[in-house]
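In case you want the letters, here they are:
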Amino acid sequence: MYYANNDKLEKCIDITTSGLNLAQRNGSSYFVESFYYLLSEMAEQQGKHSEAIQYTIQAYSFAKFIGNRLIGEKALAFLKKNGIDYLNL
């Protein structure tokens with residue numbers, strides 16, 4: 001979040017991707033929904049809209065599984081704003 005808030009997008013993406021890789025190697029789901037949501041925000045800022053949507057779907061899915069209402073609501077709002085009815089995919 002620090003790097004995202006200080007316009008260091010590439011550094012943010014690198015660290016977030018490293019976090020996802022570490023979680024995958026360890027079979028952990030800690031923070032995965034937040035990592036995907038942050039990647040979706042970074043992709044959107046870079047004009048990579050379809051990539052942002054893909055990350056948001058992953059963020060929403062993990063948020064629902066883990067029970068993170070905040071990320072789930074933010075992700076679902078982004079998808080709805082973009083005309084995607086995630087529940088019917």
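Coordinates for the structure precede this section.
Residues numbered from 1 in each chain as written. Predicted model: local features only at pLDDT ≥ 70, side-chain atom pairs only at ≥ 80, totals over all residues. Heavy atoms only, no water.

S.K.: So what's going on with the overall build of the protein? Which residues, and what values?
M.R.: Within the protein one finds 5 helices and 0 strands. In the protein, the succession of α and β elements from N to C terminus is α-α-α-α-α. Whereas a compact globule of 89 residues would reach a radius of gyration of roughly 12 Å, the protein reaches 13 Å, a difference of no more than 12%. Its C-alpha atoms give the protein principal-axis dimensions of about 35 × 30 × 20 Å. Expressed as a percentage of its 89 residues, the buried residues of the protein come to 35%. Sequence-distant contacts, at least 24 apart, represent 51% of the contacts inside the protein between residues at least 6 apart. Within the structure as shown, the protein displays about 5900 Å² of accessible surface, and the carbon and sulfur contribution to it stands at 52%. Of the charged side chains in the protein, 9 are positive and 9 negative; the average position of the first set lies 4 Å away from that of the second. (Helix = DSSP H or I, 4+ residues; strand = E, 2+ residues; numbered from the N terminus. Rg over C-alpha atoms; globule rule 2.2 N^0.38 Å. Buried < 20%, exposed > 50% of the residue type's maximum accessible area, 1.4 Å probe, protein only. Contact = heavy atoms within 4.5 Å. Areas by Shrake-Rupley, 256 points an atom, 1.4 Å probe, with all protein chains shown as cover. Lys, Arg positive; Asp, Glu negative; His and termini not counted. Charge placed at Lys NZ, Arg CZ, Asp CG, Glu CD.)

S.K.: Account for the packing of aromatic side chains, with residues named and values stated.
M.R.: For the coordinates displayed, the defined rule picks out 3 aromatic pairs. Measuring from centroid to centroid gives 6.4 Å for phenylalanine 31 and phenylalanine 35, while their planes differ by 45°, and the two rings are tilted. Looking at phenylalanine 35, the relative accessible area reads 21%, which means it is partly exposed. A network of ring pairs unites the aromatic residues Tyr36, Tyr55 and Phe62 as a single cluster. (Phe/Tyr/Trp six-rings, centres within 6.5 Å; stacked < 30°, edge-to-face > 60°.)

S.K.: Run through unusual backbone geometry, naming residues and quoting values.
M.R.: Negative phi values dominate among residues other than glycine, just as trans dominates among peptide bonds. Phi at phenylalanine 31 is positive, roughly 70°, even though this residue is not glycine. Summarising the element assignment, phenylalanine 31 is placed in the loop between α2 (9-26) and α3 (32-45). Taking relative accessible area as the criterion, phenylalanine 31 reaches 55% and is therefore assigned exposed.

S.K.: How would you sum up α3? Please name residues and give values.
M.R.: Taking 1.5 Å per residue as the helical rise, α3 with its 14 residues ought to reach 20 Å, and the 20 Å between its terminal C-alpha atoms agrees with that figure. On the buried face of α3, the contacting elements are α1 (2-5), α2, α4 (49-66) and α5 (69-81). Immediately beyond the C-terminal end of α3, within one or two residues, lies glycine 47, with a positive phi of roughly 80°. (Expected span 1.5 Å × (residues − 1).)

S.K.: Would you mind going over the pattern of salt bridges in detail, with residue names and values included?
M.R.: Within the structure shown, the criterion is met by 1 salt bridge. A salt bridge links arginine 69 to glutamate 73; the shortest N-O distance between them is 3.2 Å. A residue pair is termed a helical-turn pair when its members lie 3 or 4 positions apart in one helix, as arginine 69 and glutamate 73 do in helix α5 at 4 residues. (Salt bridge = Lys/Arg side-chain N within 4 Å of Asp/Glu carboxyl O.)

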